[in-house]
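These are the residues of each chain, in order.
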Amino acid sequence: ETCVMSVSDKTGIVELAKFLTGRGVKIISTGGTGKLLLENGVRVIAIHEVTGNENDDYFDGRMKTISFNYESALLYKRDNPKHVAQAEELGIPKIDMVVCNLYPFEKVTADPKCAVDTAIENIDIGGPCMVRAAAKNYYDIVF
């Protein structure tokens, strides 16, 4: 089994990752989350190995999880032979679990001194995309 972890609030993420890896789950992770996990002895597969995006910092990190390969890994139906064959043909991995929380937009913008640019950078795009893809394929993905 494979789990993707991409969190803004990292509370408890190391413990959860260790619990999962202790049960044989492989962890795919994004930049900051992956760095924290690696620093705490958790093996991770870098998200770019799934997305095909050579660098997680393209466009200042705005393109970490958005890609055909990644969204396909979340959306293809495991019980549909055509989908499974297409995933295999395209080298799309199977992701079974998503652990994600979104950028803290509400918290950041609650500060009256919050600059517009700061507010804009706290509009999460990849997180909602992955949560919605997992929800759409809830028969096959735990999130």
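Here's what I pulled together on the structure shown here. If you're wondering where the values come from, they're calculated on a predicted model, not measured in any experiment. Along each chain, the written sequence defines residue order, and numbers are assigned to residues from 1. Local features in this predicted model are restricted to residues whose pLDDT is 70 or higher, and side-chain atom pairs enter the listing and the counts only when it is 80 or higher, whereas totals over whole chains, interfaces and linings include all residues. The side-chain quantities take in all heavy atoms of the structure and omit both hydrogens and water.

### Examining the overall build of the protein chain
The secondary structure content of the protein chain amounts to eight helices and four strands. Put simply, DSSP marks the helices as runs of H or I at least four residues long and the strands as runs of E at least two long, and each gets a number from the N terminus on. Reading the secondary structure of the protein chain in the N-to-C direction produces β-α-β-α-β-α-α-α-β-α-α-α. Along the three orthogonal principal directions, the C-alpha set of the protein chain runs to about 55 × 30 × 30 Å. A buried classification covers 36% of the 143 residues belonging to the protein chain. Contacts are residue-level and defined by heavy atoms, with any inter-residue pair within 4.5 Å sufficient. Of the contacts made within the protein chain by residues no fewer than 6 positions apart, 51% connect residues no fewer than 24 positions apart. When the accessible surface of the protein chain is totalled, it reaches about 8900 Å², and 55% of it is carbon and sulfur. All tallies of charge rest on Lys and Arg as positive and Asp and Glu as negative; His and the ends of each chain are not included. By convention, the charge on Lys lies at NZ, on Arg at CZ, on Asp at CG and on Glu at CD. Distance between charge centres in the protein chain, computed from 16 positive and 20 negative side chains, equals 4 Å. Exposure classes here rest on a 1.4 Å probe applied to the protein chains alone. A residue is buried below 20% of its type maximum, exposed above 50%, and partly exposed in between. Each accessible area is a Shrake-Rupley estimate made with a 1.4 Å probe; only the visible protein chains count as cover when residues are assessed.

### Side note on the packing of aromatic side chains
Ring geometry is summarised as follows: Phe, Tyr and Trp rings, the Trp one being its six-membered ring, pair when their centres sit within 6.5 Å, and such pairs are stacked at plane angles under 30 degrees, edge-to-face over 60 and tilted between the two. Evaluation of the coordinates by the stated rule reveals one aromatic pair. Taking 4.5 Å as the distance between ring centres and 25° as the angle between the ring planes, the aromatic pair formed by Tyr138 and Tyr139 counts as stacked.

### Quick notes on the nonpolar core
Note on terminology: a nonpolar core comprises buried Ala, Val, Leu, Ile, Met, Phe, Trp, Tyr and Cys residues joined through side-chain atoms within 4.5 Å. The biggest cluster of nonpolar side chains holds 16 residues, and the ones touching the most others in it are Val4, Ile28, Tyr70, Leu74, Ile95, Val98 and Met130. Only helix 4 (68-75) and helix 8 (126-136) provide two or more residues apiece to this core.

Read these as geometric descriptors, not functional statements.
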